[in-house]
Amino acid sequence: MIKRELVFFKNDLKSQDECLRYMADAVNKLGLLSDEETYLQAVYKREEEFSTAVGFDVAIPHGMSDAVNEAFIAFLKTDVPLLWGKGDDAKEVKLIFMIGVPEKEKNVTHLKFISQISRHLIDEKFRSDLLNCKDADEAYNYLNVINDGIKGGK
Amino acid sequence: MYVVGITACPTGIAHTYMAQESLEKELAKRGYEYKVETQGSIGVENELEQEEVDRADMIILCVSIQIENQERFDDKKVFYGDVDECISHPDRVVDKALEFYGLK
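Our subject in this report is the structure included herewith. (Residues numbered from 1 in each chain as written. Chains lettered and ligands numbered in written order. Predicted model: local features only at pLDDT ≥ 70, side-chain atom pairs only at ≥ 80, totals over all residues. Heavy atoms only, no water.)

## So, the environment of Leu-121 of chain A
Here's step 1: Structurally, Leu-121 of chain A can be placed in the loop between helix H3 (108-120) and helix H4 (124-132).
Here's step 2: Residue Leu-121 of chain A is classed as buried on the basis of its relative accessible area of 1%.
Here's step 3: The spatial distance from the C-alpha of Leu-121 of chain A to the C-alpha of Val-58 of chain A is 8.1 Å, given a sequence separation of 63 residues.
Here's step 4: Among all residues touching Leu-121 of chain A, those that are not within four sequence positions of it are Phe-56, Val-58, Ile-60, Phe-97, Phe-126 and Arg-127 of chain A together with Met-18 of chain B. (Helix = DSSP H or I, 4+ residues; strand = E, 2+ residues; numbered from the N terminus. Buried < 20%, exposed > 50% of the residue type's maximum accessible area, 1.4 Å probe, protein only. Contact = heavy atoms within 4.5 Å.)

See below:
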């Protein structure tokens, strides 16, 4: 469900904006977006309502938009924390999950995967596994474990 | 102690489910019996029956949108919590609910 090409380890990003752009570019290159700018607008709109930095080093920028061809999750880990959000609410994050969902997503499997990964983020062990892993391949394996959880329901 | 709750955020993509997981963990940790419904992108899951709402000692709604089937809570004392706080500090949300119900 999560694509290996959408798992990144990157330490040279300087800001939330750079990170969002980098990830959206990658998603776009895989043909998952019909219009990158429109998708990013949806993501920014959501961030403006309330920052998606949810604490414990995690941010989950996401957008629901017609510009998304197929639901996806991209993951990026940075050892250099990025400041996420504005003003006093800004938080440092190291694990970024970028989510895109088409406005009329019919594929419940995709949505279930996304809800499943969201639930896993509450699990401290899952987060520390991701924070401690050495490369993108290892992270990919941790993320893929979640696929098993979908078949058995919640 | 039997607690029912609902979590729901505007896009229903991620926070809804994180908040559910977080709230369930906190309630389990306290040894409470519970059921938490989600209203998100997949629709309504783990739906609360009227009977369950009726026998609940506490009703915790961490919702930032208009929810479906709100009428289940008509004439009930309902504690409204913050979705984001529910994710990062579920203990505070449950403490506030206990206080609200005078159960602390």
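There is more to say after this.
## So, helix H5 (residues 136-144) of chain A
All names here are of chain A.
Here's step 1: Residues Ala-136, Ala-139, Leu-143 and Asn-144 constitute the buried set of H5. Looking down the long axis of H5, one finds its buried residues gathered within 135° of arc, a one-sided arrangement.
Here's step 2: The opening residue of H5, the one whose side-chain oxygen lies 3.2 Å from the backbone nitrogen of Asp-137, is Asp-135. (Arc of directions from axis to C-beta. Polar contact = N/O pair within 3.5 Å; in protein donor to acceptor, adjacent residues only side chain to side chain.)

## Side note on the layout of surface pockets
Here's step 1: Considering only enclosed or pocket space, the largest pocket measures out at about 440 Å³ in volume.
Here's step 2: Residue lining of the largest pocket: 19 residues in total, with Phe-50, Ser-51, Gly-85, Lys-86 and Asp-89 of chain A positioned closest to the centre.
Here's step 3: Every element with two or more residues in the lining of the largest pocket is listed here: helix H1 (16-29), helix H2 (36-49) and strand E2 (53-55) of chain A together with helix H3 (83-88) of chain B.
Here's step 4: The biggest single contributor to the lining of the largest pocket is H2 of chain A, with 4 residues.
Here's step 5: Classifying every residue of the lining of the largest pocket by side-chain character gives 4 nonpolar, 6 polar and 9 charged.
Here's step 6: As for the second largest pocket, its lining consists of Phe-56, Ile-122, Glu-124 and Arg-127 of chain A together with Ser-22, Lys-25, Glu-26, Lys-29, Ile-87, Pro-90 and Asp-91 of chain B.
Here's step 7: When residues of the lining of the second largest pocket are assigned to their parent elements, the largest contribution, 4 residues, is made by helix H1 (residues 15-29) of chain B.
Here's step 8: For the lining of the second largest pocket, a count of residues per class yields 4 nonpolar, 1 polar and 6 charged. (1 Å grid on protein atoms, 1.4 Å probe; cavity = no way out; pocket = protein on both sides within 12 Å on 5 of 7 lines; lining within 4 Å. Points joined across faces, edges and corners; volume = space filled by probe spheres on them. Nonpolar A, V, L, I, M, F, W, Y, C, P; charged D, E, K, R; others polar.)

## Regarding the packing of H1 of chain A against H2 of chain A
Packed helix pairs are specified by the crossing angle of their axes together with the interaxial distance, meaning the distance between the axes.
Residues and elements named next belong to chain A.
Here's step 1: The N-to-C vectors of H1 and H2 enclose an angle of 140°; their axes lie 10 Å apart at closest approach. Considering the angle they form, H1 stands oblique to H2. Crossing of H1 over H2 shows right-handed handedness. Two secondary-structure elements touch here, H1 through Gln-16, Asp-17, Leu-20, Arg-21, Ala-24, Asp-25 and Asn-28 and H2 through Glu-36, Glu-37, Leu-40, Val-43, Tyr-44 and Glu-47.
Here's step 2: Tallied by class, residues from the contact of H1 with H2 come to 5 nonpolar, 2 polar and 6 charged. (Axes fitted to C-alpha atoms, helices over the stretch in contact; angles between N-to-C directions. Parallel < 35°, antiparallel > 145°, perpendicular 65-115°, else oblique. Left-handed = near helix turned anticlockwise from the far one by under 90°.)

## Some words on unusual backbone geometry
Here's step 1: Phi is positive for Phe-56 of chain A, which is not a glycine, with a value near 35°.
Here's step 2: Among the structural elements, Phe-56 of chain A can be located in the loop between E2 and strand E3 (58-59).
Here's step 3: In the Ramachandran plot, Asp-75 of chain B falls in the positive-phi region, its phi being about 65° despite a non-glycine side chain.

## Looking at the environment of Ser-128 of chain A
Here's step 1: By the element assignment, Ser-128 of chain A lies in helix H4.
Here's step 2: C-alpha separation for the pair Ser-128 of chain A and Phe-56 of chain A, spaced 72 residues apart in sequence, amounts to 9.9 Å.

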